[in-house]
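Tertiary structure, described
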Amino acid sequence: MASPIVDSITPASVTLAPGQFADVTITAHDPDSGSGTADIPITDGASNAVTAHVSITIADPILFGAATVNGVAVTATRITPAGVSPATYRIQA
Amino acid sequence: MGTVTVPVTDSGGHVATATIGVLVGSPPGDVLPTPQSTGWQHTGVTLKAYTGATTIPAGTVLDSVDITKPITNAGQLTIRRSRITAGGLMAVNCTGPGDVLLEDVEITGSYDRSIQTSNRKAGTLTCRRVYAHGGLRGLDFTGDGNPIRLEDSYFAFNSNPGSGERSHASAIRAAGGIRSLDVVNTVLGVGTSSWSSGLIATYPENGPNSGVRIVGGLWIVQADNSGAYGIAAGYTPSAGEKPNSNFVVKDLWVSTEFYPSGCPSGVGQHWNQLAGTNVWSNVRKYHPGFAEHGQQINPG
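Note that the structure is a prediction, hence the values are computed from the model and not measured.

Rules and cut-offs
Residues numbered from 1 in each chain as written. Chains lettered and ligands numbered in written order. Predicted model: local features only at pLDDT ≥ 70, side-chain atom pairs only at ≥ 80, totals over all residues. Heavy atoms only, no water. Phe/Tyr/Trp six-rings, centres within 6.5 Å; stacked < 30°, edge-to-face > 60°. Helix = DSSP H or I, 4+ residues; strand = E, 2+ residues; numbered from the N terminus. Buried < 20%, exposed > 50% of the residue type's maximum accessible area, 1.4 Å probe, protein only. Lys NZ or Arg CZ within 6 Å of the ring centre and 35° of its normal. Contact = heavy atoms within 4.5 Å. Buried area = accessible area lost by both parts, 1.4 Å probe. Salt bridge = Lys/Arg side-chain N within 4 Å of Asp/Glu carboxyl O. 1 Å grid on protein atoms, 1.4 Å probe; cavity = no way out; pocket = protein on both sides within 12 Å on 5 of 7 lines; lining within 4 Å. Points joined across faces, edges and corners; volume = space filled by probe spheres on them.

1. Let's talk about the packing of aromatic side chains
All names here are of chain B.
- Counted by the stated rule, this structure contains five aromatic pairs over all chains.
- Considering the side-chain rings of Phe247 and Trp271, the 6.4 Å spacing of their centres and the 65° angle between planes classify their relative orientation as edge-to-face. A residue pair is termed long-range when its members are at least 10 positions apart, and Phe247 in strand 24 (residues 245-255) and Trp271 in the loop between strand 25 (268-269) and strand 26 (279-286) qualify at 24 residues.
- With 5.4 Å between their ring centres and 70° between their planes, Trp253 and Tyr286 make a pair best called edge-to-face. Here the residue Trp253 occupies a position in strand 24, and Tyr286 occupies one in strand 26, the gap between them amounting to 33 residues.
- Its relative accessible area of 9% is what places Trp253 among the buried residues.
- Judged by relative accessible area, Tyr286 falls into the partly exposed class, the value being 25%.
- Site record: aromatic cluster; members linked through ring pairs are Phe247, Trp271 and Trp280.
- Sitting above the plane of the Trp253 ring, Arg284 keeps its charged end 4.0 Å from the centroid.

2. Looking at the interface of chain B and chain A
- The partner chain A presents 41 residues to the 35 residues of chain B that form the contact.
- Here chain B meets chain A over a buried area of about 2800 Å², counting both sides, of which 60% is carbon and sulfur.
- If you sort the residues of chain B by the area they bury against chain A, B:Val8, B:Ile20 and B:Val24 come out on top, with a joint share of 17%.
- Counting across the interface, chain B meets chain A through zero salt bridges.

3. Thoughts on the pattern of salt bridges
Residue and element names in this part refer to chain B.
- All chains considered together, the criterion is met by 14 salt bridges over all chains.
- Its salt-bridge partner being Arg128, residue Glu103 comes within 2.8 Å of it at the nearest N-O pair. Of this pair, Glu103 sits in strand 10 (residues 100-107) while Arg128 sits in strand 12 (residues 125-128), and the two are 25 residues apart along the sequence.
- According to the relative accessible area criterion, Glu103 is buried, its value standing at 12%.
- Among the ionic pairs, Arg149 bridges to Glu151, the shortest N-O distance being 2.5 Å.
- A residue is classified by how much of its surface remains accessible, and Arg149, at 4% relative accessible area, is buried.
- Here the residues in one salt-bridge network are Arg80, Glu103, Arg128, Arg149 and Glu151, joined through shared partners.

4. A look at the layout of surface pockets
- For the largest pocket, the calculated volume is near 710 Å³.
- Residue lining of the largest pocket: 25 residues in total, with A:Ala22, A:Asp23, B:Arg213, B:Val248 and B:Lys250 positioned closest to the centre.
- Of all the secondary-structure elements, those providing two or more residues to the lining of the largest pocket are strand 2 (13-16) and strand 3 (21-29) of chain A together with strand 18 (181-184), strand 21 (210-215), strand 24 and strand 26 of chain B.

So far we have only geometry, and geometry alone does not tell us how the molecule works.
Given below as C-alpha cells:
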C-alpha cells in the first residue's frame, strides 16, 4: 500500500489582504486504486464457448483532512466534501 | 510567510501532506510596487561579480551578485538581492525541473525578454519584488503549464522602438498552453514607442490558456497606437484555436494617464470569449487627483 499522491495545489501560494479570502484546490489520487477487466471463458460439454467480461475496480478512497495553519493569521476551511478530489479549501485572512 | 497544511489519507492510514504558502499583506493597491521598492538597490547590499557557469547547477543559492550574462537553471535555483544585466534574446531562461525563486532582483539588458521558460517539467517560478524592464517583453512562458507567480513586482516598461509594424511589446506573453499564472500586487507596463502592444498577451496560438489570476496591482499602457490592450483574452476559431478559460482580474488599478479608457483596445479585450468560470471585479481607473480616479472599468 502506498501513500496518496498530491498531484497539484492551485495556486501553490496566496497573498491576502486582511479580510480577503482565496480558494485553493488540491488534486490527489491513491496509486493503489485502479481498474481493469477480466475475461472468463465458459465452455460446455460440446466445446461451445462464450466469454464473460468482468470489470474490476480496486477502490481506495482518499480523504482530505482538516487544514492546519502555521505561522500566519488566517483560517482554512474545506468547502468540498472530505472524500471528493479535487478538494477546495478557503483561506481567509 | 506562513503555511496551511492539509493531510491527505487513504483507507490504510497512509498520509501525504499538501502545503500551501500564505502571506497576509497590505490591501492591493494601497502599497503599489515601484522601481524603488523592487530590484536589489532597496536592500542596501553591495553586489559582487558572478563568475559561475551560465547553466547554474541545481540547488544553487545566489545572493548579492551582479550577473552580466544570460543564465539558465539546471534545477532548483534561488537568486536574491541581485542584478542581471544580460544582453541577448533573454536574460533568464528557466528550463530545469525545480522551483525557481527570484527575490529582490533587477533584470534588464536583453533586447527581447527578461525571463523565459522553456520545456519545464515541474516546479514553481516565483518572482518576488522583481524589477524587470527595458526589453520587448518581461516574461514569456508560452507552453508552460507549471505554476508561475509574480508578487509585489514591477514589470515595466517594455517597448519595441522602430518604425512601421514590428513585434508587439508586452509585460507578459503566454501564447498558449499555460495553466497557472498568479500576478499579485504587481505593476505591468508597456512603454512608449511600442507597436500595437498590450500588457498580458494570452493568444491561444499553442493551445488554450487557463488559470490566469490577476489580483491587485496596476496596469500602465503608454503605447503609441490604438491597438494596445490590457489582457488579450480572445481566440480565433478560424485558426483552429480553442477559447481560454478561468481568468480572474480583481482589485486592480488601471492607469488612465495616457488613454481615457486605460487601454484603447480594451482593458479586457474579448473577455466575453472566455470559457469556464471567470471573474472581473473591482477594476478601477488610476489617476490620482483627477475626477475619474476610482471609477470602475468594465472589460471590453
